[in-house]
Amino acid sequence: MIDLLVAGCGPAGAATAIRAALAGLDVVVVEPREAPIDKACGEGIAASAVQYLSRLGVAVEGRPFYGIRYLDASRSVDARFRSGPGLGARRTALQQGLRDRLEELRIPVVRTRIGLVEQSSSSVSAAGITARYLAAADGLHSPIRRQLGLGLGGGSVRRGLRQHFAMRPWTDLVEVYWSSLGEAYVTPVADDLVGLAVLTSARGSFDQHLRAFPRLLARLGDASPASGVLGAGPLRQRVRRRVAGRVLLVGDAAGYVDALTGEGIAVALRTSAELVDCVAADRPEDYEAAWRRVSWECRALTASLLWARNRSLLAPRIVPAAAALPGVYGAIVNRLT
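Residues numbered from 1 in each chain as written. Predicted model: local features only at pLDDT ≥ 70, side-chain atom pairs only at ≥ 80, totals over all residues. Heavy atoms only, no water.

### Digging into the layout of surface pockets
Roughly 380 Å³ of internal volume is contained in the second largest pocket. Sorting the residues of the lining of the second largest pocket by element identifies strand S19 (238–239), helix H7 (264–280) and helix H8 (287–309) as the ones contributing at least two each. Tallying contributions element by element places H8 first for the lining of the second largest pocket, with 6 residues. Residue composition of the lining of the second largest pocket, by class: 8 nonpolar, 8 polar and 8 charged. (1 Å grid on protein atoms, 1.4 Å probe; cavity = no way out; pocket = protein on both sides within 12 Å on 5 of 7 lines; lining within 4 Å. Points joined across faces, edges and corners; volume = space filled by probe spheres on them. Helix = DSSP H or I, 4+ residues; strand = E, 2+ residues; numbered from the N terminus. Nonpolar A, V, L, I, M, F, W, Y, C, P; charged D, E, K, R; others polar.)

Take a look at the structure:
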């Protein structure tokens, strides 16, 4: 019987497995998808997450960025990072770096579906493997979460769409364009490539959504698409609790507010570290409080900003308010990252 079975080899699952192996635990990962896994994602990795990946021994190819810029039709405001740069990286590059580290540590990755989860007072079994604990890192619409009845209804209808464009980045910041439709995130991911992600509750194609951001369209000019369009959502996922016996939820499976602040990967990494500590100590009952402790600040700010974004009177004032109070805006951005 192994110590930890990890369901899912996205950033949360892979990081959980790496941290567990470094802590001396016997770990196996189950993942049905072919590597490297791609996903609709803003592709900006916060400075804290970059530092944590480095401590895990994970190398990721990308392009540094040094802050966040908010823009609407006529204003813009910058917040420069004080604790070091973030990293713009293709999701596939992040996944490749994680898989390389899994191979270095000789952590088995079994390509199959997790299937039915069964557990007793001393073990949990799935995919023909028995372990002391199972980390469910199987994504936004986690089958394990659904199987265990841990999800709650009432998710938001906001979704994300992402595409890349072949062009030289025009800034060393991540730019967030605001309009009545939603937000468009521009992340430099290479010296000749930018990623563009749109978050919205409106229906329509990626090209139709881009028309709501004329300032961004002018920047893109005649740049050619360098990838297909990928989508993800609905984004809001409410979870009853993150522990069920010997099963612990991590990453998007553990609940998700919105991609508005771009901190999803950073929170997944922080909470994966807490999960491994609880497993190593044989105290799964401590994980719920630990998860809440390390994620509450990001969840609270994201929920507050999303609440304002969904109010017709407040939404158009978000960028003007940030521009009028750049010190406050900068402090919030640096607190998050």
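Structure's up, so let's keep going.
### A closer look at helix H3 (residues 91–104)
In this model H3 runs 20 Å from its N-terminal to its C-terminal C-alpha over 14 residues, within 8% of the 20 Å that 1.5 Å per residue would give. The complete set of buried residues in H3 reads Arg 91, Leu 94, Gln 95, Gly 97, Leu 98, Arg 99, Arg 101 and Leu 102. (Expected span 1.5 Å × (residues − 1). Buried < 20%, exposed > 50% of the residue type's maximum accessible area, 1.4 Å probe, protein only.)

### Remarks on the sheet that holds strand S4 (residues 63–65)
Sheet architecture is open: 3 strands sit in the order S3-S7-S4, paired in antiparallel fashion. At either margin of the open sheet sits one strand with a lone partner, and together these are strand S3 (44–45) and S4. In terms of strand pairing, S4 meets strand S7 (residues 86–88) through 3 bridges, oriented antiparallel. In the strand pairing of S7, Arg 63 is matched with Gly 88. (Pairing = 2+ DSSP bridges.)

### Section: the packing of aromatic side chains
Evaluated as defined, the whole model comprises 3 aromatic pairs. Considering the side-chain rings of Tyr 70 and Tyr 329, the 4.9 Å spacing of their centres and the 45° angle between planes classify their relative orientation as tilted. Placement of the pair is Tyr 70 in strand S5 (residues 67–71) and Tyr 329 in helix H10 (residues 326–336), with a sequence separation of 259 residues. Summarising the burial analysis for this pair, Tyr 70 and Tyr 329 share the class buried. Each member of the aromatic cluster is reached from another via a ring pair, and the members are Tyr 70, Trp 178 and Tyr 329. It is Arg 242 that lies over the ring of Trp 291; its NZ or CZ is 3.9 Å from the centre. (Phe/Tyr/Trp six-rings, centres within 6.5 Å; stacked < 30°, edge-to-face > 60°. Lys NZ or Arg CZ within 6 Å of the ring centre and 35° of its normal.)

### Topic: the pairing of strand S14 (residues 174–178)
Along S14, 5 of the 5 residues are buried, which leaves the element largely enclosed by surrounding structure. Residue alternation in S14 divides its side chains into two sets, Val 174, Val 176 and Trp 178 and Glu 175 and Tyr 177, and both sets are buried. In terms of strand pairing, S14 meets strand S15 (residues 182–190) through 4 bridges, oriented antiparallel. Residue Trp 178 lies in a different strand from S15, and its bridge partner there is Glu 183.

### Side note on the nonpolar core
Membership of the largest hydrophobic core comes to 63 residues, with the highest contact counts inside it found for Leu 4 and Leu 5. It is H7 that contributes the most residues to this core, 9 residues altogether. Leave out the neighbours within four places in its chain, and Leu 5 touches Val 28, Val 30, Ile 114, Ala 126, Ile 129, Ala 131, Tyr 133, Leu 134 and Ala 135. Grouped together as the second largest cluster of nonpolar side chains are 25 residues, Val 176, Tyr 256, Val 257 and Ala 308 included. (Core = buried A, V, L, I, M, F, W, Y, C linked by side-chain atoms within 4.5 Å. Contact = heavy atoms within 4.5 Å.)

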